[in-house]
Structure formats: structure tokens, C-alpha cells
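# Secondary and tertiary structure notes
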Amino acid sequence: MAERQGGTKDQKVAKFDNFLRQFRDKHTKQWKMFTAPQFMEVWKHYDSDGNGYIEGHELDSFLRSFIASINSTDTGPEVISDAAMKDLKVVFMDAFDENDDNRIDIAELAQILPMEENFLLLFRRDSPVASSVEFMKIWREFDKDCSGYIEADELKNFVRYLLKDTQQMVTEDKLVEYTDTMLNLFDNNKDGKLQLSEMAKLLPVKENFLCRPIFKGSNTVTMRDIDRVFKLYDRDENGAIENEELHGFLKDLLALVHEDYDTGDLDTFKEAILKCCDLNCDGRIDKEELTLFLMKYAVLSGDAEGVSA
């Protein structure tokens, strides 16, 4: 993997009171183009608890640095009053917090800072995966050894796949640099590989339909809702949710209750769900079985009364 550039975080903090100022041109005050390793430095600096988000006091620190970095030197916190900071934060988050969760994730930060074009393509903001069924197909394609993880060499192949349509030449050294950066950014448990939940952050789906309020007890689930869910996962329209379709459905369910999960958790969850809902024991979920499951899920999630016509 490429050697990390730019020195340690402690060295950077000692040299720059405002961490972001080093990335602005001294004369024009404009942002310089961020390389992949520089982007990683910024992320690691502000995501101080390593939970995969810049939030709370981390977000306040980032915004103050972001706004004050245009000045040549630090002149104290009074440069931006608390009242002005509160107003600026509302405007800033309205522009960049795409999923309205009041925090900045890695892909959102990549939209805020000026990035190398090829590196920016890796975040697929303009073309998210349509559903978790497609996600699981991609997972199976790149988990070549079926280990249940995307290891460094497999991640490199995945990065190459994402960049296949770029108009610019991507050298082998740059490919290694991008792979090393993505692994450092998304490998939260630092085991040198990506588990299922980590890969899901790198390759987000357009929408987890099961996150909608109708499945969280705020309303009665209708047959129309169930039809839409079944159609979403039964991609081959054979009347059953199976194989990658079933794995995609289970991944979306897991994501509702856990931020950290791997294929072992998926297999355990699959066994439990099928034991509960697979009435004919064929290893698949048909529409009747899905209806029973979603009815139970809606009731257990809140005050919903079940399924209506």
C-alpha cells in the first residue's frame, strides 16, 4: 500500500493552529486540490472518536476551522461569534447534509472539499446502487475467495472497477494510493479489510425502503406497501425472495438495528428469519410469508395495528 504522506497529526497540529489553513493557497486563499491522503488526514483529524461521522463538537470544530481558515493567522475564537456560528451552521448543513442526519459523513465531506476528480468518482454520489440486492451482487463479485470480507487486493479490483469509465489515465501507483486511502477511511475496526457494514458505507444504496416510517410503527402497513417491498426485492419476478435478493433484504433489516455487522451476522440473522417466516421450508420468502413478517415487524416496532387492505 502507498506510504502515507504529510507527517503525523501531532506534527500538523503543532505547525498549523488552524488545521485546514495549510490546504489553502497563501496568496489567493482559495482551496488547493486535495489529494486522497490529504483528504484522509482531514477526516481523521476531525472524526476524533473514529465513529465514521463528524458530529457534535467535532462538527463545530470543523466549521470554525473551515470558515476561519481564510484568515492568514488565528486571532482568537471571537472572530466568529456563537450567534453567527449558529446561523452559518444552519446554512452549511442545509447545503451539504444530504441525508439530514445533522452530521457529516465521509462522502459528504468529499463534496465539501475540492477533490481529485478520479478520487471523487469513488463515492458514486451521482449513481448510488439501486438497492441492497444489487449491493449483494457486487459484494459476491468482488469477495473472490468467499471469505466474507473485501480484502486489500479485492478492494483494489473494486476501485479499478469504479474508475473503469473515467476519461483520465489512472496509474498503478494512483490506484494503490486510492485503495490505501479508502481502506483507511472505511476500515473502522482496523483489521485490514472491509466487512459488510463497512463496505455498505463505501457503496451506499439509494434508499433502504425499510427505514420508512410505515415500518416503524407510525402507521398501519398496507398491502400496497407490502407489494412495493416485495417488488423491490424480488428482482427476477419469480414470486420469491431468494439468494442475493434474500441477502439484500436481510442486510437492510440488519442495518435498522446495527451499525456494525458482517456476513456471519447476516447468516445468523438469515437462519433466525427463515425459522420464523419460511412456512414451507423452501429457503425462500414468498409474498404471504413476507406479509406475515412485516405485520409482526410493524407491530413490534411501535403502535401499528398490522396490515390493512
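On a predicted model such as this, the values are computed, not experimentally measured, just so you know.

### Details of the overall build of the protein chain
- The secondary structure content of the protein chain amounts to 14 helices and 4 strands.
- Scored against the burial criterion, the 309 residues of the protein chain give a buried share of 44%.
- When contacts within the protein chain are restricted to residue pairs at least 6 apart in sequence, those whose partners lie at least 24 apart make up 61%.
- Accessible area of the protein chain: about 16100 Å², with a carbon and sulfur share of 50%.

### Observations regarding the environment of L210
- For L210, the location among the structural elements is in the loop between α10 (196-202) and β3 (221-222).
- For the pair L210 and F249, spaced 39 residues apart in sequence, the C-alpha separation works out to 9.0 Å.

### Things to note about the nonpolar core
- Counting 80 residues, the largest nonpolar core has F39, F62, L109, F119, F135 and F249 as its most contacted members.
- F249 has contacts with L210, Y233, I241, I285, L290 and F293, leaving out every residue within four places of it along the chain.

### Description of the side chain of E116
- Summarising the element assignment, E116 is placed in the loop between α5 (106-112) and α6 (117-121).
- Judged by relative accessible area, which is 16%, E116 ranks as buried.
- Aside from chain neighbours lying at most four places away, what touches E116 is M33, F34, T35, A36, K174 and Y178.

### Examining a nonpolar patch on the surface
- Taken together, the side chains of L279, L292 and M295 present a nonpolar region at the surface, about 240 Å² in accessible area.
- A relative accessible area of 54% means that L279 is categorised as exposed.

### Here we look at a negative patch on the surface
- Together, E259, D260, D265, D267 and E271 give the surface a local cluster of negative charge.
- Mapped onto the elements, E271 comes out in helix α13 (residues 263-277).

### Structural notes on the packing of aromatic side chains
- Within this structure, the stated rule accounts for 19 aromatic pairs.
- An aromatic cluster of three or more residues is present, and its members are F19, F23, W31, F34, Y46, F62, F66, F92 and F96.
- Here the basic side chain of R24 rests over the ring of W31, its NZ or CZ set 3.8 Å away from the ring centre.
- Positioned over the ring face of Y149 is K193, at 4.2 Å from the centre of the ring.

### Observations regarding the pattern of salt bridges
- All chains considered together, the criterion is met by 13 salt bridges.
- As a salt-bridge pair, E177 and K174 come within 3.3 Å of each other at their nearest N and O atoms. Note that E177 and K174 are positioned in helix α9 (residues 172-186) at a spacing of 3 residues, about one turn of the helix.
- For E177, a relative accessible area of 11% corresponds to the buried category.
- With relative accessibility at 25%, the residue K174 sits in the partly exposed group.
- Here the salt bridges share partners, and the residues they tie into one network are E55, D101 and R103.

### Quick look at helix α11 (residues 223-233)
- For α11, every residue scored as buried is listed here: D225, I226, V229, F230 and Y233. Summarising the axial view, the buried residues of α11 lie within an arc of 130°, below the 170-degree limit, and thus occupy one face. Summarising the geometry of α11, the exposed residues directed more than 90 degrees from the buried face are R224 and K231.

Reading guide: rules and limits
Residues numbered from 1 in each chain as written. Predicted model: local features only at pLDDT ≥ 70, side-chain atom pairs only at ≥ 80, totals over all residues. Heavy atoms only, no water. Helix = DSSP H or I, 4+ residues; strand = E, 2+ residues; numbered from the N terminus. Buried < 20%, exposed > 50% of the residue type's maximum accessible area, 1.4 Å probe, protein only. Contact = heavy atoms within 4.5 Å. Areas by Shrake-Rupley, 256 points an atom, 1.4 Å probe, with all protein chains shown as cover. Core = buried A, V, L, I, M, F, W, Y, C linked by side-chain atoms within 4.5 Å. Patch = residues over 30% accessible without salt bridge, like charges linked within 9 Å, V, L, I, M, F, W, Y side chains within 5 Å. Salt bridge = Lys/Arg side-chain N within 4 Å of Asp/Glu carboxyl O. Lys, Arg positive; Asp, Glu negative; His and termini not counted. Charge placed at Lys NZ, Arg CZ, Asp CG, Glu CD. Phe/Tyr/Trp six-rings, centres within 6.5 Å; stacked < 30°, edge-to-face > 60°. Lys NZ or Arg CZ within 6 Å of the ring centre and 35° of its normal. Arc of directions from axis to C-beta.

The values are spatial; any link to function lies outside them.
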